[in-house]
Structures are given as C-alpha cells and as structure tokens.
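A look at the structure
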Amino acid sequence: MDNDFIYVKPTDIERESFRIIGEELSGKGIVLKKKQEPYIKRCIHTSADFSYATTLAFSRNATSVLEGLLREHASVICDTHMALSGINKTALERAGCRAYCFMTDERVKEMAGKEGTTRAAAAVSAASHIEGRKIFCIGNAPTALIELNKLYKEGRLTPDFVIGVPVGFVNVVYAKELIINSDIPYIVNRGRKGGSPIAACLINAALYRIENRQL
C-alpha cells in the first residue's frame, strides 16, 4: 500500500522513485520512446502526475537538438526565478552554459509599462540581445510564448529551442499551440498543466543526458 513505510538509503531515493515510476507506467500499459523517456519520467518525478506520459509533446528530434545546444554552450532564458533556481547549476556549469531571468530587470519593468504588456513578454524582447544560441525555458507565462512567436515571425528573434510548459487558464493552451504549430524545435506540454518546476526539470533532464547520468 502507498502508506506503508519502506526504508531507502538517502542516496537511493531518486533511483527508487524512478523504478516505481517505470513500474507504474508499465502497469498502465504505457511504453515511452527511448529518447523521450528521461524527460517524461523526470516530469512525473517532479509532479507525481502520470498525465505527462501522454501530454508532453516533442518536435522532430527534439531531445537530440536540445542536448546538442547544451553541448554547444547555449544560453538558457527562464521566465521566472523559480525556474532559474530549479536548474542544476553544477550540471549547467559543467556543460559550459549560463542561465538568465530578466523579470526583475528595471529596463524590463519600464518596457512592460510603456507597451502595456507583461514583464514576461518584455523579458523575451530583452533576451533577444543575448549573443549565441538560445533556449527559452517558459514555465509560467503564456504571454512569453506569444511574444516569442510574434518576434520570431517578424524576424526579430531566432529561438533555437523552446520549452513551453506554462500553467494556468488564460491563453495557456493557445500559446502552447502557437509553438507546436511553428517550426521552432520544442518540448511543450499540451493543455493547462505545467509550471516552473516542470520547465526546470526538463532542462535538468537534458543536462543529465549529456552527462550520461542513468535514471
């Protein structure tokens, strides 16, 4: 039973969690694609929500593209400090990458006020000035995805990859579908579910993959 206590060494808790996830997925008759498996299982591990096994959507060769970008030292731009704080900084540093969040930048606040938009949308514009390859890690603000798609269509921003997992009720599904229907490489969770912890765990899944860390 779920409420029965089992002793697990602290160093083995994560491994045991993934064993349980694999066992329950098998019991549900769900077989994951090999390259997507670490990402989906980490989302389930983060949320205890097995719906990610069916709602997490990947563009063609998404995991290979994302892992390749991290190997090339791409920058990771987050829409919240929660997502930023959830990324494993040690693994990020080992990959030679940097992560950013511009939500509290004074210029972003001013831009949002002048343009009558959200700070998350303004922060996407601010991130366009970062040189090199860019991965957008969006876990909270659908307006960030909408602005990102707009700037891309206008030729003002070229995102190399988008993790689009904002959570909520207003324009969330619409914003996610914009990315799915674009030609930007992506991992997107369809529907209302998501959140900053999910966005961060997807980056971590990629970082652990390039280190050949086993589940």
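For the structure itself, consult the block above.
Residues numbered from 1 in each chain as written. Predicted model: local features only at pLDDT ≥ 70, side-chain atom pairs only at ≥ 80, totals over all residues. Heavy atoms only, no water.

**Quick look at the overall build of the protein chain**
Counting its regular elements, the protein chain contains eleven helices and six strands. Taken over the C-alpha trace, the protein chain has a radius of gyration of 17 Å; the compact-globule value for 215 residues is 17 Å, and the two agree within 12%. Overall, the protein chain is about 55 × 35 × 30 Å in size when its C-alpha atoms are taken along their principal axes. Per-residue burial over the protein chain gives 49% buried out of 215 residues. Taking the contacts inside the protein chain whose residues are at least 6 apart along the sequence as the reference set, 66% of them involve residues at least 24 apart. On the protein chain, roughly 11,300 Å² of surface is accessible, and the fraction owed to carbon and sulfur atoms is 50%. A distance of 3 Å separates the average location of the 29 positive side-chain charges in the protein chain from that of its 24 negative side-chain charges. (Helix = DSSP H or I, 4+ residues; strand = E, 2+ residues; numbered from the N terminus. Rg over C-alpha atoms; globule rule 2.2 N^0.38 Å. Buried < 20%, exposed > 50% of the residue type's maximum accessible area, 1.4 Å probe, protein only. Contact = heavy atoms within 4.5 Å. Areas by Shrake-Rupley, 256 points an atom, 1.4 Å probe, with all protein chains shown as cover. Lys, Arg positive; Asp, Glu negative; His and termini not counted. Charge placed at Lys NZ, Arg CZ, Asp CG, Glu CD.)

**Overview of the sheet that holds strand 1 (residues 56-58)**
In space, the six strands of this open sheet follow the order 1-6-5-4-2-3, with mixed pairing throughout. The open sheet has two free edges, formed respectively by strand 1 and strand 3 (99-101), since each of these has just one partner strand. Each neighbouring strand pair of the sheet contributes to a mean axis angle of 20°, computed without reference to strand direction. Bridging between strand 1 and strand 6 (residues 186-189) involves three bridges; their strand directions are antiparallel. Bridging from a neighbouring strand, F58 pairs with I187 of strand 6. Along the sheet, helix 10 (residues 172-180) contacts strand 1, strand 5 (161-164) and strand 6; its crossing angle with strand 6, the most-contacted strand, is approximately 155°. (Pairing = 2+ DSSP bridges. Axes fitted to C-alpha atoms, helices over the stretch in contact; angles between N-to-C directions.)

**Some thoughts on the environment of L145**
If you trace the backbone, L145 turns up in helix 9 (residues 142-153). Judged by its relative accessible area of 0%, L145 is buried. Leaving out residues up to four positions away in the same chain, L145 has contacts with I138, V162, G164, P166, A175, K176 and I179.

**Here's the deal with helix 9**
Look at helix 9: 17 Å from first C-alpha to last across twelve residues, which is about the 16 Å you get at 1.5 Å a residue. Among the residues making up helix 9, those that are buried are P142, A144, L145, E147, L148, N149 and L151. Looking at the buried side of helix 9, the elements it contacts are helix 8 (119-127), strand 4 (134-138), strand 5 and helix 10. One or two steps after helix 9, the chain reaches G155, where phi turns positive at roughly 75°. (Expected span 1.5 Å × (residues − 1).)

**Remarks on the nonpolar core**
The tendency in soluble globular proteins is for nonpolar side chains to be buried as a group. V76, I135, F136, I187, L202 and L207 are the most contacted members of the largest nonpolar core, which totals 73 residues. At eleven residues, the largest contribution of residues to this core is made by helix 11 (residues 196-210). Ignoring sequence-local partners within four residues, the contact set of V76 consists of L70, I87, L92, R98, A99, Y100, I135, C137 and I203. (Core = buried A, V, L, I, M, F, W, Y, C linked by side-chain atoms within 4.5 Å.)

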